[in-house]
Amino acid sequence: MLLKNKVAVIYGAGGSIGGAVARAFARDGATLFLTGHVRAPVEAIAKDIVSAGGSAEAAEVDALVERSIDGHLQSVMDKAGRVDISFNSVGIPDAEILGVPLLDLGLEQFSQPLSTYAASYFLTARLAARRMVANKSGVIMTVTALHSRTGIPLVGGYGPAMAAKEALTRDLSAELAPHGVRVVGLRPQAMPESDTIKQAFEPRAKASGMTWEQWQTLLASRTHPRRLMTLEEMANVAAFIASDRATGMTGTTVNLTMGSLDD
Ligand SMILES: NC(=O)c1ccc[n+]([C@@H]2O[C@H](COP(=O)([O-])OP(=O)(O)OC[C@H]3O[C@@H](n4cnc5c(N)ncnc54)[C@H](OP(=O)(O)O)[C@@H]3O)[C@@H](O)[C@H]2O)c1
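Residues numbered from 1 in each chain as written. Predicted model: local features only at pLDDT ≥ 70, side-chain atom pairs only at ≥ 80, totals over all residues. Heavy atoms only, no water.

Asks: It is not clear to me how helix α4 (residues 107-135) should be interpreted in this structure. Could you clarify?
Replies: What sets the pattern is the α-helix's 3.6 residues per turn: residues three or four places apart point alike. Here α4 is 29 residues long and its end C-alpha atoms lie 41 Å apart, about the 42 Å a rise of 1.5 Å per residue gives. The sharpest bend along α4 comes to roughly 30°, located at Ala129. Within two residues after α4, Lys136 carries a phi angle of roughly 55°, on the positive side. (Helix = DSSP H or I, 4+ residues; strand = E, 2+ residues; numbered from the N terminus. Expected span 1.5 Å × (residues − 1). Bend = angle between axes of the 7 residues up to and from the residue.)

Asks: What am I meant to see in the site of the ligand here?
Replies: Lining the immediate environment of the ligand, one finds 26 residues, of which Ile17, His37, Tyr158, Met191 and Thr196 sit closest. Between the ligand and Ala63 there is a distance of 2.8 Å, counted from a nitrogen atom to a backbone nitrogen or oxygen. Within the backbone of Met191, one N or O atom sits 2.7 Å away from an oxygen atom of the ligand. In isolation the ligand has 880 Å² of accessible area, and contact with the protein removes 85% of it. When contributions to the shell around the ligand are tallied by element, the ones reaching two or more residues are α1 (16-27) and α6 (195-201). (Near = heavy atom within 4 Å. Polar contact = N/O pair within 3.5 Å; in protein donor to acceptor, adjacent residues only side chain to side chain. Areas by Shrake-Rupley, 256 points an atom, 1.4 Å probe, with all protein chains shown as cover.)

Asks: Explanation requested: helix α8 (residues 212-221) in the structure shown.
Replies: Taken together, the buried positions of α8 are Trp212, Trp215, Leu219 and Ala220. Along the axis of α8, the buried residues cluster in a sector spanning 135°; they form a single face. Turned more than 90 degrees from where α8 packs its buried face, Glu213 and Thr217 sit exposed. Check the buried side of α8 and you find it contacts α6. (Buried < 20%, exposed > 50% of the residue type's maximum accessible area, 1.4 Å probe, protein only. Arc of directions from axis to C-beta. Contact = heavy atoms within 4.5 Å.)

Asks: I'm lost on the nonpolar core in this one. Help?
Replies: Most often, soluble globular proteins keep nonpolar side chains buried together rather than apart. Formed by 39 residues in total, the largest nonpolar core has its most connected members in Phe25, Leu32, Leu34, Phe87 and Met234. Those residues in contact with Phe25 that sit more than four places away from it in its chain are Leu3, Ala8, Ile10, Ala30, Leu32, Ile85, Phe87, Ala238, Ala239 and Ala242. Judged by nonpolar contacts, the second largest core, of 24 residues, contains Phe33, Tyr121, Leu168 and Leu176. (Core = buried A, V, L, I, M, F, W, Y, C linked by side-chain atoms within 4.5 Å.)

Asks: Explanation requested: the sheet that holds strand β1 (residues 7-11) in the structure shown.
Replies: Backbone hydrogen bonds hold the strands of a sheet together, and the pairing may be parallel or antiparallel. In space, the seven strands of this open sheet follow the order β3-β2-β1-β4-β5-β6-β7, with parallel pairing throughout. With one partner strand each, in any of the chains shown, β3 (55-60) and β7 (252-256) form the two edges of the open sheet. Averaged over all pairs of adjacent strands, the angle between strand axes in this sheet comes to 20°, irrespective of strand direction. Looking at chain direction, β1 and strand β4 (residues 85-88) are connected through four bridges and run parallel. (Pairing = 2+ DSSP bridges. Axes fitted to C-alpha atoms, helices over the stretch in contact; angles between N-to-C directions.)

Asks: How should the packing of α1 against helix α2 (residues 39-51) be read in this particular structure?
Replies: Two packed helices can be described by the angle between their axes and the distance between those axes. In the contact formed by α1 and α2, the axes pass within 10 Å of each other and the chain directions differ by 20°. Relative to α2, the element α1 lies roughly parallel. Considering the relative orientation of α1 and α2, their crossing is right-handed. Residues Gly19, Ala22, Arg23 and Ala26 of α1 form the contact with α2, whose own contacting residues are Ile45, Asp48 and Ile49. Classifying every residue of the contact of α1 with α2 gives four nonpolar, one polar and two charged. (Parallel < 35°, antiparallel > 145°, perpendicular 65-115°, else oblique. Left-handed = near helix turned anticlockwise from the far one by under 90°. Nonpolar A, V, L, I, M, F, W, Y, C, P; charged D, E, K, R; others polar.)

Asks: Is there a simple way to think about the pattern of salt bridges in this case?
Replies: One side chain can pair with another of opposite charge once the charged atoms of both are near each other. Within the structure shown, the criterion is met by ten salt bridges. A salt bridge links Lys6 to Asp244, with the nearest nitrogen and oxygen atoms 3.0 Å apart. Here Lys6, found in the segment before β1, pairs with Asp244, found in the loop between α9 (231-242) and β7; they are 238 residues apart in sequence, far enough to count as distant. One salt bridge connects Arg187 with Glu166, and the closest N-O pair in it is separated by 2.9 Å. Linking Arg187 in strand β6 (residues 181-188) with Glu166 in helix α5 (residues 158-176), this pair joins segments that are 21 residues apart in sequence. A relative accessible area of 3% means that Arg187 is categorised as buried. Owing to a relative accessible area of 4%, Glu166 belongs among the buried residues under this scheme. (Salt bridge = Lys/Arg side-chain N within 4 Å of Asp/Glu carboxyl O.)

Right, dumping it as structure tokens:
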């Protein structure tokens, strides 16, 4: 029970990563406040967790709208008295942002990942941090991808957005760690159980000349164990980092690419 007595808020909890992290946090005893901009998938995960004996409630929160995030955090403070963990796993449809060569990419399409991924992380982190600093304790977390650190064709503004989030993790930590708040990101390799990865492949399928199965095999071959990670493996690391066992970690993004990307 790594997270017993911890209060966690997850943004994008109806998604693959958010849902897996919610289940792992619940198994480790956290009290969960799960959010998404569409209520139904978040509600379904909260119900599963509660029927397995955990504590979770669902809310509709647009993680790009300051008032929506702030109002929800205030309701968490009113109910639970504090926020210990903020986890942002918000993701936008890859079909809207991938697959166009940079030579042909319009500014609006280039900017979209930056104005969603980086902006949502900034807003959720800042609003949680205001509560955490007052309590001199807390952990802020998010998810990026190896596009932050390596050149990949046809990904438009996604790589710059991931790099911006990792820079923000470092900068938030530099300002917040003196006040007892840790900031740590996770950078997993593709997890094929999530629909996201297939959707990210599709806009680039023609240019790559590969089938979905061949692409998964190629990604797996770049890891040291020659396989891709499961959502549960990623979520177990998230639970450890969110816990007091990881008080020595802040200002970094954990490389979960299993050897695909060197530090
Ligand atoms: N899956 C992987 O293998 C993998 C690997 C490395 C990195 N990542 C990155 O990790 C992040 C999450 O990935 P994922 O696979 O969990 O994606 P996902 O399944 O699409 O989940 C993203 C969630 O965010 C929600 N969302 C979108 N806009 C929102 C907003 N404004 N406010 C609140 N919630 C919002 C989505 O809701 P709707 O679906 O209703 O819009 C969805 O539930 C992405 O940044 C992705 O690029 C994923």
